Protein chains: 2
Amino acid sequence: MDELSLFSRIGRTISLEKGQSLIWEGDQSLIVANIVSGLFKLTTSLDDGREQIIGIAYPADFVGRPFGTTNEYTVTALTDARLCVFSRTDFDRFAPDHPEMEHKLLQKTLDELDRARRWMLLLGRKSAPEKVATFLLEMSQKLAGSGCDTADKQLNEFELPFGRQQVADILGLTIETVSRQLTQMKNSNLIDLPDRRHVNILEPERLAQISSAQTAV
Amino acid sequence: MDELSLFSRIGRTISLEKGQSLIWEGDQSLIVANIVSGLFKLTTSLDDGREQIIGIAYPADFVGRPFGTTNEYTVTALTDARLCVFSRTDFDRFAPDHPEMEHKLLQKTLDELDRARRWMLLLGRKSAPEKVATFLLEMSQKLAGSGCDTADKQLNEFELPFGRQQVADILGLTIETVSRQLTQMKNSNLIDLPDRRHVNILEPERLAQISSAQTAV
DNA sequence: CGCAAAATTGAATAGTCTCAAATGTAGTGG
DNA sequence: CCACTACATTTGAGACTATTCAATTTTGCG
């Protein structure tokens, strides 16, 4: 990310408080940004308020729509956060002259596309128990990657960075269904829920079975 | 696409018959390809056979996973088709030296990501009637873009390149539900279905209302 | 402690799916 | 040209899952 640090000079660092939005769906694409710290949700909504979380952005992730005129989604801070913001036109001019940066952005975008498409299978074809199980396993893997406590590939005890409604918006369910599935899993001793933000996976294998993981051939 | 034609020399053109697959989910990513002619579906499946179509690829589209080891989805021809195929390792070596090509690929990938995310809203939050209405409008727009008959922005009479089961796999519904929604729309005189592959949109505005299109602010 | 927000629980409903049967369509060979 | 077959689609009835709406409980915070 050498060139990115070079590029950083034409950007400016800003802070956002939890709940504030950086970009709105439907607005003109005026800025792009690199996340320095904090967690963001990317969302689209329907007129009547139904909302779908279409992505989560972590530190080092890139948000905004370069080379395009319109933002297709809203970007909102889930925690207090800091970003390095660039004007989109500056970025669009700068990028073609810095192929190494574009290459990295391409790789990130390809990864994001794979993730989005994997999630489409969940949204279109999985049942509520399958959705919740998949979500919990995915979170345990993602949060393990950040390397908090152990160097394990999976962390069975972790803090959820989302409220129940947000989990529902990620899975395409209602908050009530998410709640019911979680308590049911707790009652089956698959997981423990010490408080509403913490999850403890007691039986990862059984949870994986429930999640209908694709056959790793 | 000048550099692409240069690149084409290290690729070879192949033909696929309707129904044949070029790439399998879970397999190693050995090839990437440019579509010359024909239509493809990108799919992921669960163990028990449930399938989700996560994308459609048209001529000039790029398929396969560069800069990665595993294919996350299956690529299958929906019609007889021709492609220009490259070994992934060749492509991966070639690409970083051809920033203009990478730039175009980045733009395509960003567009794909936007489309995938828009579809996540449909899969996660829309009802069956909304899904079918959205699908019909999207198809009429996409097929109008190819410029068959008129230069209109929307073509109200068109041929569906999918069977009912494929429509179901695109929308995350069952074939029966798709069928019921279509006949219901036909009975309401919203659309006409001359034969099972042709659709005629009689009332685009009313269909747009049903589709719960996002507010274009 | 008391309040507002978040989460859980319950009962009833609606919507989609499942399973089964009937109908329609395209392609083949007589 | 027609009958026959295989396959795709439609239709129907019933079951079941997730939603809706309402009420209750829990949590975090001033």
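Presented here is an overview of the structure given in this document. Everything numeric in this text was worked out from a predicted model, so none of it was measured.

**Focus on the relation of the copies chain A and chain B**
Right, so step 1: Superposing chain A onto chain B takes a rotation of 180 degrees plus a shift of 0.0 Å along the axis, which leaves an RMSD of 0.0 Å. The operation mapping one copy onto its partner corresponds to a two-fold rotation axis.
Right, so step 2: A share of 100% of interface residues in chain A that are also interface residues in chain B marks the association as one of identical surfaces.

**Let's talk about the packing of aromatic side chains**
Right, so step 1: Here the structure, examined in full by the defined rule, presents 6 aromatic pairs over all chains.
Right, so step 2: For the pair Phe62 of chain B and Phe91 of chain B, a centre-to-centre distance of 5.3 Å together with 45 degrees between the ring planes defines the contact as tilted. Note that Phe62 of chain B is positioned in strand β6 (residues 62–64) and Phe91 of chain B in helix α2 (residues 88–94), a separation of 29 residues in sequence.
Right, so step 3: Look at Phe67 of chain B and Phe91 of chain B: their rings are 6.2 Å apart centre to centre, the planes differ by 45 degrees, and that puts the pair in the tilted class. Taken together, the positions of Phe67 of chain B in the loop between β6 and β7 (74–77) and Phe91 of chain B in helix α2 put the pair 24 residues apart, joining distant regions of the chain. Just as Phe67 of chain B is buried, Phe91 of chain B falls in that class too.
Right, so step 4: Each residue in the set Phe62, Phe67 and Phe91 of chain A is aromatic and connected to the rest through ring pairs, giving one cluster.
Right, so step 5: Above the face of the Tyr73 of chain B ring, Arg117 of chain A is positioned so that its terminal group lies 5.1 Å from the ring centre.

**Some remarks on the interface of chain A and chain B**
Right, so step 1: Across the contact, 50 residues belong to chain A and 50 residues belong to chain B.
Right, so step 2: Among the residues of chain A in contact with chain B, Arg117, Met120 and Arg125 of chain A are the three that bury the most area, contributing 18% of the side total.
Right, so step 3: Seen at the junction of chain A and chain B, the total is 12 salt bridges.
Right, so step 4: Counting the contacts that link chain A with chain B gives 24 residue pairs in polar contact (both at pLDDT 80 or more).
Right, so step 5: When residues in the side of chain A that touches chain B are grouped by element, the largest group, 21 residues, is from helix α3 (residues 99–125) of chain A.
Right, so step 6: The class makeup of the residues in the side of chain A that touches chain B is 21 nonpolar, 13 polar and 16 charged.

**Considering the pattern of salt bridges**
Two side chains of opposite charge can pair, provided their charged atoms sit close to one another.
Right, so step 1: Tallied over the full model, the rule gives 28 salt bridges over all chains.
Right, so step 2: Here Arg117 of chain A ties to Glu112 of chain B by a salt bridge, and the two come within 2.9 Å at their closest N and O atoms. Placement of the pair is Arg117 of chain A in helix α3 and Glu112 of chain B in helix α3 (residues 99–125), with the two residues belonging to separate chains. Taken as a pair, Arg117 of chain A and Glu112 of chain B share a single burial class, namely buried.

So, how was this worked out
- Residues numbered from 1 in each chain as written.
- Chains lettered and ligands numbered in written order.
- Predicted model: local features only at pLDDT ≥ 70, side-chain atom pairs only at ≥ 80, totals over all residues.
- Heavy atoms only, no water.
- Least-squares fit on C-alpha atoms with pLDDT ≥ 70 in both.
- Contact = heavy atoms within 4.5 Å.
- Phe/Tyr/Trp six-rings, centres within 6.5 Å; stacked < 30°, edge-to-face > 60°.
- Helix = DSSP H or I, 4+ residues; strand = E, 2+ residues; numbered from the N terminus.
- Buried < 20%, exposed > 50% of the residue type's maximum accessible area, 1.4 Å probe, protein only.
- Lys NZ or Arg CZ within 6 Å of the ring centre and 35° of its normal.
- Buried area = accessible area lost by both parts, 1.4 Å probe.
- Salt bridge = Lys/Arg side-chain N within 4 Å of Asp/Glu carboxyl O.
- Polar contact = N/O pair within 3.5 Å; in protein donor to acceptor, adjacent residues only side chain to side chain.
- Nonpolar A, V, L, I, M, F, W, Y, C, P; charged D, E, K, R; others polar.

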